[in-house]
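Survey of secondary and tertiary structure
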Amino acid sequence: MGTKDDSEELFFNLLRNNIDYIIIEISREDILNNKVNKIKFDVLIHTALEYENETLIKSYQNLISNLKENGYIILNADSIQKIDYVCEKAYPITYGLNERTTVSASSIDDMNQLCFSFCLQRSIVTINGNLVQSFEKPLKFKGKYQDVYYYLAALSTLLCLGYEF
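I will try to describe carefully the structure that is included in this document. (Residues numbered from 1 in each chain as written. Predicted model: local features only at pLDDT ≥ 70, side-chain atom pairs only at ≥ 80, totals over all residues. Heavy atoms only, no water.)

1. Some thoughts on unusual backbone geometry
Short version of the rule: Put simply, DSSP H or I for four residues or longer makes a helix, DSSP E for two residues or longer makes a strand, and each gets a number counted from the N terminus.
A positive phi is found at N70, a non-glycine position, where the angle reads about 65°. With respect to the helices and strands, N70 occurs in the loop between α3 (54–65) and β2 (71–76).

2. Describing the nonpolar core
Filter applied, for reference: The definition of a nonpolar core used throughout is a set of buried Ala, Val, Leu, Ile, Met, Phe, Trp, Tyr and Cys residues joined through side-chain atoms within 4.5 Å. Relative accessibility decides the category of a residue: with a 1.4 Å probe and only protein chains considered, values under 20% of the type maximum give buried, values over 50% give exposed, and everything between is partly exposed. In this description, contact between two residues means that some pair of their heavy atoms is separated by no more than 4.5 Å.
I93, V103, F116, F118, I124 and L152 are the most contacted members of the largest nonpolar core, which has 20 residues in total. Looking at this core, the elements that each hand over two or more residues are β2, β3 (90–96), β4 (103–109), β5 (114–120) and α4 (148–160). In contact with I124, not counting residues within four places along its chain, are I93, T102, N130, L131, V132, L159 and C160. Listed in part, the 17 residues of the second largest apolar core include V36, I57, L75 and Y85.

3. Quick look at α4
Side chains that are three or four residues apart share a direction in an α-helix, a result of its 3.6 residues per turn. So the rule is basically this: What a helix should span is 1.5 Å times the count of its residues minus one.
The end-to-end C-alpha distance of α4, which contains 13 residues, comes to 18 Å, matching closely the 18 Å that a straight helix rising 1.5 Å per residue would cover. Taken together, the buried positions of α4 are occupied by V148, L152, A153, L155, S156, T157, L159 and C160. Once α4 ends, the next one or two residues include G162, with phi positive near 100°.

4. Describing the sheet that holds β4
Worth spelling out the cut-off: A pair of strands is treated as paired once DSSP finds two or more bridges between them. Orientation is described by lines fitted to C-alpha atoms, with helices fitted over the stretch in contact, and by angles between N-to-C directions that extend from 0 to 180 degrees.
Strand order across the open sheet formed by 6 strands is β1-β2-β3-β4-β5-β8, with mixed pairing between neighbours. Because the sheet does not close on itself, it has two edges, and the strands there are β1 (43–46) and β8 (135–141). Within the sheet, the average angular offset between the axes of one strand and its neighbour, ignoring direction, is 20°. In the sheet, β5 pairs with β8 via 7 bridges, with the strands oriented antiparallel. Each bridged residue has a counterpart across the sheet, and for C119 the counterpart in β8 is E136. Contacts from α3 reach β1 and β2, with the element oriented near 150° to β1. This element, α4, spans β1, β2, β3, β4, β5 and β8 of the sheet and lies at about 45° to β5.

5. Some points on the packing of aromatic side chains
Test applied: Only Phe, Tyr and Trp rings are paired, with Trp represented by its six-membered ring, and only when their centres lie within 6.5 Å; those with planes under 30 degrees apart are stacked, over 60 edge-to-face, the remainder tilted.
The full count for this structure, using the stated rule, is 7 aromatic pairs. With centroids separated by 4.2 Å and ring planes inclined at 20°, the aromatic side chains of F141 and Y151 adopt a geometry described as stacked. Pair noted here: F141 is in strand β8 and Y151 is in helix α4, with a separation of 10 residues, a long-range link. The class for F141 is partly exposed, based on a relative accessible area of 22%. Among the aromatic residues, those joined into a ring-pair cluster are F118, F135, Y163 and F165.

Set out below in structure tokens:
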């Protein structure tokens, strides 16, 4: 679901249908215009930060503050701009291609298809309270090398929601 003028109303209408999860792509404009401030998210994923202005950073911090208690903020640790967010009631999960992230990828190959080892480098607790221990699993997907970041973000979200690989 993308955001638009009536996205909050559409979102709340979908909740009446007993849907477990909804994926919303939120644009910079939506964040700046506070179009989704009434929504309490379980998981927020930020895929990339360019050099952002202070207004957007403050608006994004407000969005993080709207996370549900014990929600997740999933951040690309290899982003250009490094920003310290306050995540007092949320679990931060970082992903990237370095050894300091919660989730990383190794042995990346995109000759015939995208192959890499998905590495959970430290334990996490799922949204249902289950503990997921560190592991490494080889995976294959459609895509190229640069798509690894999107897969890491999506797979990290699936882990948080309790999906088992």
